[in-house]
Amino acid sequence: MSGLIFGCMKFDRLTNINMVFPRAEFCKECHIDIYNEWAESLHAKAYTSSTYRQATNDYQFPSCLACHVPEPRISDGPLKSREIFREEGVTCSSCHLEESKMVGPIEPTSKLAPHPMSVQEDRYRNSKFCGRCHEGTFKEWKQVISKEKHTCQECHMPLVKRKLTQATHLLSKIIVTVSMEKEALQKKHTFGVHKKLPDMEAFAMNLKKDGEQIELILKNHLPHSLPTGDFGFRIVIVDILSVQENDIIIPIKSVELIKEINTAIPAKATASWKFPVPDNAKAIRCIVSRLSKGSEKRENLYQKEVSIP
Amino acid sequence: MKAALVRRFTKIEVVYHAIQLILYLILFVSGGLLLLQRIFETEKIDFTTLSNIHRLTGIVLIAFILQTILISIFATSFRPLWKTLLEAFKWKPEDFVWLVNVGLHTFVPKVTIPPSGRFNPGQKLHLLVILFVLLIFSSTGIVIILIPGAIGVWIAHVVCFVPALMFLGLHLFLSLVNPPTSKALKGMITGYVPLDYAREHHSLWQNGENPNIHANHVSLSAIILTTFGVVAVLISCVWYIGFGQVKSQIGKVAGNYGREVILPGMLVSGHAEEPKAKHCTACHNFFNSQPSDKCLKCHEEIQTVMDNQHGYHGTLNGKCRTCHSEHKGLTANIFSLDSKAFNHENTRYSLLGKHRDLDCAKCHSVPDKKTKRVKTKYIGLEFETCIQCHDNPHPNIKDKNDCLSCHTMRGWSKDKLVFDHNQDSQYKLEGQHIEVSCRKCHPYSSKEKGATMVKLINIGSECVDCHDDIHKGQFKKTCKSCHLEDGWKAPWLAEFHGADSTYPLKGAHGKVKCSDCHKLPGKDAKLANAKFLGLSHECSSCHEDPHEGQFKKNCQSCHVEDSWKGPWLVEFHGADSSYPLKGAHDKVKCVDCHKLSGKDAKLANAKFSGLSHKCSSCHDDPHKGQITHSCRICHQAQGWKDKDLLFVHNQHSSYKLDNLHIIISCSLCHLPDEAKVVQYRPLPQKCDQCHTDIIDFMNGKSSIGNAAPDPHAGRVACIDCHTVDLAKQHPYQYARKCVSCHNLRYYDLYFDWEKSMGRGIEIALKITTTLNNNDDNEKENLANKIKIIRKIGFHNIQMSRKLIDEIR
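What you see is a predicted model, and the numbers here were worked out from it, not measured in a lab.

### Some words on the overall build of chain A
- Counting its regular elements, chain A contains 12 helices and 12 strands.
- Per-residue burial for chain A yields a buried fraction of 44% across its 309 residues.
- Pairs at least 24 apart in sequence give 60% of the contacts found in chain A among residues at least 6 apart.
- Of the accessible surface of chain A, which amounts to about 17,300 Å², a share of 54% is contributed by carbon and sulfur atoms.

### Some details on the overall build of chain B
- Scanning chain B for helices and strands turns up 35 helices and 4 strands.
- The C-alpha radius of gyration of chain B comes to 69 Å, more than 25% above the 28 Å expected for a compact globule of 808 residues.
- Its C-alpha atoms give chain B principal-axis dimensions of roughly 190 × 105 × 50 Å.
- Every one of the 808 residues in chain B was classed for burial, and the buried ones make up 24%.
- Summarising the internal contacts of chain B: among those between residues at least 6 apart in sequence, 54% fall at separations of at least 24.

### Brief notes about the domain arrangement of chain A
Residue and element names in this part refer to chain A.
- Parsing chain A into structural domains produces domain 1 (2-187) and domain 2 (203-307).
- Spacing between the C-alpha centres of domain 1 and domain 2 amounts to 36 Å.
- Contacts between domain 1 and domain 2 engage 14 residues on the former and 10 residues on the latter.
- Buried area between domain 1 and domain 2, both sides added, is near 850 Å², and the carbon and sulfur share of it is 52%.
- Three residues stand out in domain 1 for area buried against domain 2, namely Thr 137, Glu 140 and Val 144, and they jointly supply 47% of the buried area on that side.
- At the boundary of domain 1 with domain 2, the tally comes to 1 salt bridge.
- Of the charged contacts, one joins Glu 140 and Lys 259 as a salt bridge, the two residues approaching to 3.0 Å between their closest N and O atoms.
- Viewed at the interface, domain 2 and domain 1 are joined by 6 residue pairs in polar contact (both at pLDDT 80 or more).
- The element contributing the most residues to the side of domain 1 that touches domain 2 is helix 10 (residues 135-143), with 5 residues.
- A class-by-class count of the residues in the side of domain 1 that touches domain 2 yields 3 nonpolar, 7 polar and 4 charged.

### A word on the pairing of strand 11 (residues 281-291) of chain A
Residues and elements named next belong to chain A.
- Of all 11 residues that make up strand 11, 9 are buried, and the element is covered over most of its length.
- Inspection of the sheet shows strand 8 (residues 235-244) paired to strand 11 by 9 bridges, in the antiparallel sense. Bridge pairing links Val 236 to Arg 290 in strand 11.

### What about a nonpolar patch on the surface?
Residues and elements named next belong to chain B.
- Taken together, Leu 66, Ile 69, Leu 70, Ile 73, Phe 74 and Trp 82 make up a surface patch of nonpolar side chains, about 650 Å² in accessible area.
- No other element matches helix 2 (residues 47-74), which puts 5 residues into the nonpolar patch.
- Along the chain, Leu 70 turns up in helix 2.

### What about the interface of chain B and chain A?
- Each partner contributes to the interface: chain B provides 17 residues, whereas chain A provides 20 residues.
- Here chain B and chain A share an interface that buries about 1,700 Å² over both sides, 52% of which is from carbon and sulfur atoms.
- Three residues, Arg715(B), Arg745(B) and Arg801(B), lead the burial of chain B against chain A; their summed loss comes to 34% of the area buried on that side.
- Summed over the shared surface of chain B and chain A, the result is 3 salt bridges.

### Description of the confidence of the model for chain B
- With 96% of its residues at a pLDDT of at least 70, chain B reaches an overall mean of 82.
- Averaged pLDDT values for the elements of chain B fall to 75 in helix 11 (residues 203-206) of chain B and rise to 91 in helix 32 (residues 731-741) of chain B.

### Structural notes on the packing of helix 33 (residues 745-769) of chain B against helix 34 (residues 776-792) of chain B
Residue and element names in this part refer to chain B.
- It is the contact of helix 33 with helix 34, at a shortest axis distance of 9 Å, that shows an interaxial angle of 170°. Classed by the angle they form, the pair helix 33 and helix 34 counts as roughly antiparallel. Across the interface between the two elements, Ile 761, Ala 764, Leu 765, Thr 768 and Thr 769 of helix 33 pack against Lys 779, Leu 782, Ala 783, Ile 786, Ile 789 and Arg 790 of helix 34.
- The class makeup of the residues in the contact of helix 33 with helix 34 is 7 nonpolar, 2 polar and 2 charged.

### Remarks on the sheet that holds strand 1 (residues 97-98) of chain A
Residues and elements named next belong to chain A.
- The mixed open sheet is built from 3 strands, whose spatial order is 1-2-3. The strands lining the two open edges of the sheet, one partner per strand, are strand 1 and strand 3 (117-119).
- By the bridge criterion, 2 bridges tie strand 1 to strand 2 (residues 101-104) in an arrangement that is antiparallel. Paired with Glu 98 across the two strands is Lys 101, which belongs to strand 2.

### Comments concerning the side chain of His407(B)
- Note that His407(B) resides in the loop between strand 4 (374-376) and helix 21 (421-424).
- With near-sequence residues (within four places) excluded, His407(B) lies in contact with His394(B), Trp412(B), Leu417(B) and Val418(B).

### Some points on the sheet that holds strand 10 (residues 270-276) of chain A
Residues and elements named next belong to chain A.
- With respect to topology, 3 strands assemble into an open sheet ordered 6-7-10, the strand pairing being antiparallel. The sheet terminates laterally at strand 6 (203-210) and strand 10, the two strands that pair on one side only. Neighbour-to-neighbour, the strand axes of this sheet turn through a mean angle of 20°, independent of strand direction.
- Relative to strand 10, strand 7 (residues 213-220) is paired through 7 bridges, and the arrangement is antiparallel. Its bridge partner lying in strand 10, Lys 219 is registered against Thr 270.

### Some remarks on the nonpolar core
- Core analysis: the largest hydrophobic core is formed by 27 residues, its most contacted members being Met205(A), Leu216(A), Leu218(A), Val238(A), Trp273(A) and Val288(A).
- Among the secondary structure elements, those contributing two or more residues to this core are strand 6, strand 7, strand 8, strand 9 (249-258), strand 10, strand 11 and strand 12 (298-307) of chain A.
- Considering every element that reaches this core, the biggest residue donor is strand 11 of chain A, with 4 residues.
- When neighbours within four sequence positions are excluded, Trp273(A) is seen to be in contact with Ile214(A), Glu215(A), Leu216(A), Leu218(A), Val238(A), Ile240(A), Lys253(A), Val255(A), Leu257(A) and Ile265(A).
- Within the second largest apolar cluster, 25 residues are counted, among which are Phe61(A), Cys64(A), Phe697(B) and Leu782(B).

### Details of helix 12 (residues 220-241) of chain B
- Helix length check: helix 12 of chain B (22 residues) gives 32 Å between terminal C-alpha atoms against 32 Å at 1.5 Å per residue, within 8%.
- In the stretch just after helix 12 of chain B, Gly242(B) is the one whose phi turns positive, near 110°.

Thresholds applied
Residues numbered from 1 in each chain as written. Chains lettered and ligands numbered in written order. Predicted model: local features only at pLDDT ≥ 70, side-chain atom pairs only at ≥ 80, totals over all residues. Heavy atoms only, no water. Helix = DSSP H or I, 4+ residues; strand = E, 2+ residues; numbered from the N terminus. Buried < 20%, exposed > 50% of the residue type's maximum accessible area, 1.4 Å probe, protein only. Contact = heavy atoms within 4.5 Å. Areas by Shrake-Rupley, 256 points an atom, 1.4 Å probe, with all protein chains shown as cover. Rg over C-alpha atoms; globule rule 2.2 N^0.38 Å. Domains from an automatic or database assignment. Buried area = accessible area lost by both parts, 1.4 Å probe. Salt bridge = Lys/Arg side-chain N within 4 Å of Asp/Glu carboxyl O. Polar contact = N/O pair within 3.5 Å; in protein donor to acceptor, adjacent residues only side chain to side chain. Nonpolar A, V, L, I, M, F, W, Y, C, P; charged D, E, K, R; others polar. Pairing = 2+ DSSP bridges. Patch = residues over 30% accessible without salt bridge, like charges linked within 9 Å, V, L, I, M, F, W, Y side chains within 5 Å. pLDDT = per-residue confidence, 0-100. Axes fitted to C-alpha atoms, helices over the stretch in contact; angles between N-to-C directions. Parallel < 35°, antiparallel > 145°, perpendicular 65-115°, else oblique. Core = buried A, V, L, I, M, F, W, Y, C linked by side-chain atoms within 4.5 Å. Expected span 1.5 Å × (residues − 1).

Here it is as structure tokens:
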């Protein structure tokens with residue numbers, strides 16, 4: 001029966017890489033949740049963002065394109081850039097299309113699938129898959145020897161239990177209904193910074209009093225440096241503030257962490273700053289924030305207040 | 001009715017007779033004419049032509065006879081000729097009777113003539129005579145042609161003419177004139193004679209039965225008529241020529257025994273007038289050719305040179321007549337000497353030098369010793385010594401044979417002489433004496449015009465023998481103690497002002513004119529007449545003091561004799577002087593410190609004593625008080641600037657110069673202020689203190705527009721990207737600087753940026769040039785903007801981008 005139906009309705013435009021790649025809009029017809037997550041993520045803005053446009057002097061540097069608009073060839077060979085719908089940046093097909101099949105880490109969760117499928121769990125659960133573009137960070141990750149070492153996907157693609165597809169159109173609704181899909185554990189496609197991780201604290205702050213001097217020690221639990229990344233100007237700012245007896249907050253110190261000038265805190269390492277004990281201070285507050293790209297806005301990553309011993 | 005004929009001669013005989021008749025007649029007539037012309041010394045017909053016809057015909061006749069004999073050996077048809085000849089040799093006693101009776105019978109008819117055969121004895125005799133005459137003529141003729149000058153055969157040839165004439169006359173008379181016998185003429189044309197004639201005249205041949213029948217042989221009337229005719233012809237000839245002429249000519253010929261008959265031409269006058277050469281045999285043999293020894297019998301000198309094998313004739317082997325042919329006439333030149341082509345080298349005297357250009361007659365025309373007549377003489381001239389041709393112009397040279405020790409054959413004059421005055425005479429020529437004309441010392445012995453005698457020896461070897469004393473006795477030494485033979489005047493004067501003289505000339509005194517010290521007595525007076533003895537030796541006796549008494553020392557403490565000025569001054573600014581000159585001071589002009597009193601004043605008049613020794617007394621302070629310490633800490637006397645500066649930036653200044661700053665011009669940092677005084681201190685020392693524009697660019701500020709600050713601003717120091725140790729930093733070095741902080745991809749990224757920025761600027765420039773707007777100010781503005789953008793460059797890459805975009 002199903003063979004009869006789908007035999008008549010060939011979704012070959014999904015899989016024919018020679019002619020056209022499936023656009024994200026097309027995936028969205030069924031994978032609405034995933035699409036929405038991706039659309040908000042930086043992957044979707046990899047090409048259209050003003051930062052990228054400026055950094056490539058209006059798309060003049062073809063060497064960047066292999067990572068910013070990758071062609072869907074999921075193999076061990078070098079990445080190649082895509083010639084069509086570049087505005088989608090790192091799009092669905094970039095990671096999930098291979099040789100006329102859609103590839104993913106989980107087994108099919110429904111009776112029917114409108115497109116051929118293949119499962120490559122190891123590949124998609126491995127940091128190496130991300131490291132093809134995020135080379136520097138992957139290199140840092142590799143050098144970390146720790147029992148608590150998480151993969152990229154574990155932190156930047158949080159687990160969620162839900163159906164893979166949600167129907168919108170008539171046709172997709174029919175398919176979804178017919179396929180009798182079940183809920184399954186899967187990864188969110190947000191690719192962002194996640195403050196609350198299930199089993200770890202990203203940073204740890206301690207104070208150490210040494211006479212009139214206080215030493216603030218900040219531990220980086222991440223398996224990559226703070227900040228990390230290969231391109232652009234990634235700046236993390238550590239603000240050290242004193243919380244006075246009367247709850248007035250006075251800034252003591254503001255430190256910029258920049259990987260390129262060797263002020264970044266390496267993976268699993270600590271950084272410390274010494275300063276004299278402020279008068280009338282009851283605690284020291286530490287705020288770790290990053291500068292949003294292209295603006296002066298700050299995005300807080302971590303904040304902690306420790307009483308002065 | 002036709003008369004009966006009988007064949008007497010075969011066709012061969014007829015033809016043979018006819019050919020011989022023609023040739024013989026030609027020979028006879030030409031030979032006769034030659035003889036007649038010789039006898040009468042005329043040349044109506046050209047001798048040579050006639051002689052050539054005669055000789056040629058003779059050769060043809062001989063060849064014809066020889067050929068006939070040759071053919072007759074092989075061809076039977078020619079045998080009758082031999083038979084006929086043999087008949088001429090058969091003689092019987094009756095035949096001799098016939099010869100006697102045939103003459104008598106003409107006058108006395110009673111006398112009977114014995115009968116005869118095909119040929120009667122007269123005809124046989126004629127044939128034999130012809131044979132004999134032909135033999136003589138041809139043999140002698142051949143000898144005449146082959147051996148010239150054998151007079152015997154000539155005589156025989158001529159003598160033979162007489163019998164030939166007689167028998168030819170008789171033969172022609174009988175065959176053509178005498179009626180009884182002329183009948184037989186037909187036989188010589190057709191071969192047939194009338195039978196009647198044959199029976200009458202040759203009865204033994206045709207009429208054997210009656211041999212006594214014969215007719216009259218000779219007609220008396222015919223004889224008489226013929227005799228008359230011949231005599232008449234002779235008389236008319238004599239009358240035509242003139243009797244006296246004939247008589248004298250015949251007499252002359254007879255007197256010389258007929259010599260003129262065979263004389264081929266007159267002898268040359270010398271031979272003709274020589275009595276010894278009167279007879280032909282003086283030069284000729286009878287049967288041999290003309291022999292040279294007969295010539296040499298008279299020309300003994302030729303005999304001598306030929307015997308000794310010297311001279312031109314000594315080299316020759318031929319006969320005299322090879323070159324000297326005679327019988328060409330009285331005035332003929334028988335020397336056959338081509339004076340232009342003659343090679344004198346073949347003689348005993350080779351012509352050398354000027355002798356080659358001379359006329360032959362210049363030497364070969366000599367007066368005969370006896371007759372004093374000038375004669376051309378070639379052989380036996382004396383040539384051992386020059387004076388045999390030339391006169392000796394030197395009266396007091398006695399060895400007259402020694403001309404060639406001084407002269408050459410190339411010419412007399414001075415440059416052609418081999419005479420070397422220094423070797424060949426007792427007086428050696430040196431210096432100017434070499435150049436002087438010979439005549440100056442060797443005058444003509446006589447003052448008359450055209451004198452040629454020159455005095456060569458015994459003319460004295462002292463100076464005064466030729467020269468006058470111009471100093472009029474001022475000096476008592478000999479001339480040679482001062483003067484050289486190279487010249488009177490300097491520089492050939494001997495060194496009389498030398499080191500051991502009373503006043504040795506040193507330095508510039510050596511170059512000064514003599515007349516500057518030895519004043520000339522008058523304007524046009526000569527130096528030689530000046531005062532030389534008793535002059536003072538003090539400086540002041542010749543020079544004035546230009547220092548006007550500033551110095552109290554004597555002149556020699558500063559000046560030397562080499563010169564007044566410059567390097568010749570004694571070192572008075574030396575190390576032990578009150579102000580030693582060091583470095584550039586040593587090169588500075590004296591007048592820069594010792595100021596001249598006026599524009600045209602001389603240095604010698606300037607102030608020398610009482611000048612200050614401080615720098616500032618001569619130099620201004622160009623730093624206008626910026627630097628307070630002594631000039632000498634930075635400057636030295638060697639020079640103000642550059643390598644002469646004692647100042648070392650890294651040592652004397654608190655600002656150390658890196659490689660980037662050490663190559664730039666000082667004036668880029670040390671700028672002049674409003675008063676145009678170059679600033680040295682105080683000056684800023686940090687990058688941003690000078691390069692403020694770059695800092696502004698990084699902070700997003702520029703004169704042409706603002707933008708966001710560059711992320712590097714305030715975070716990266718200048719030296720993080722710019723290597724100060726590099727004088728010129730290459731793009732790849734910048735790219736490496738990027739990689740030193742960022743990842744490796746930034747290396748290519750750097751060049752990507754550089755390329756794309758360059759492209760952007762290029763397009764912007766194109767826009768500037770293609771602007772339709774003619775406003776030059778706007779164009780200039782744009783160009784200026786682009787210039788600033790270039791400078792902004794990587795210092796604020798997004799600002800550069802924005803500004804380029806704005807232009808575009």
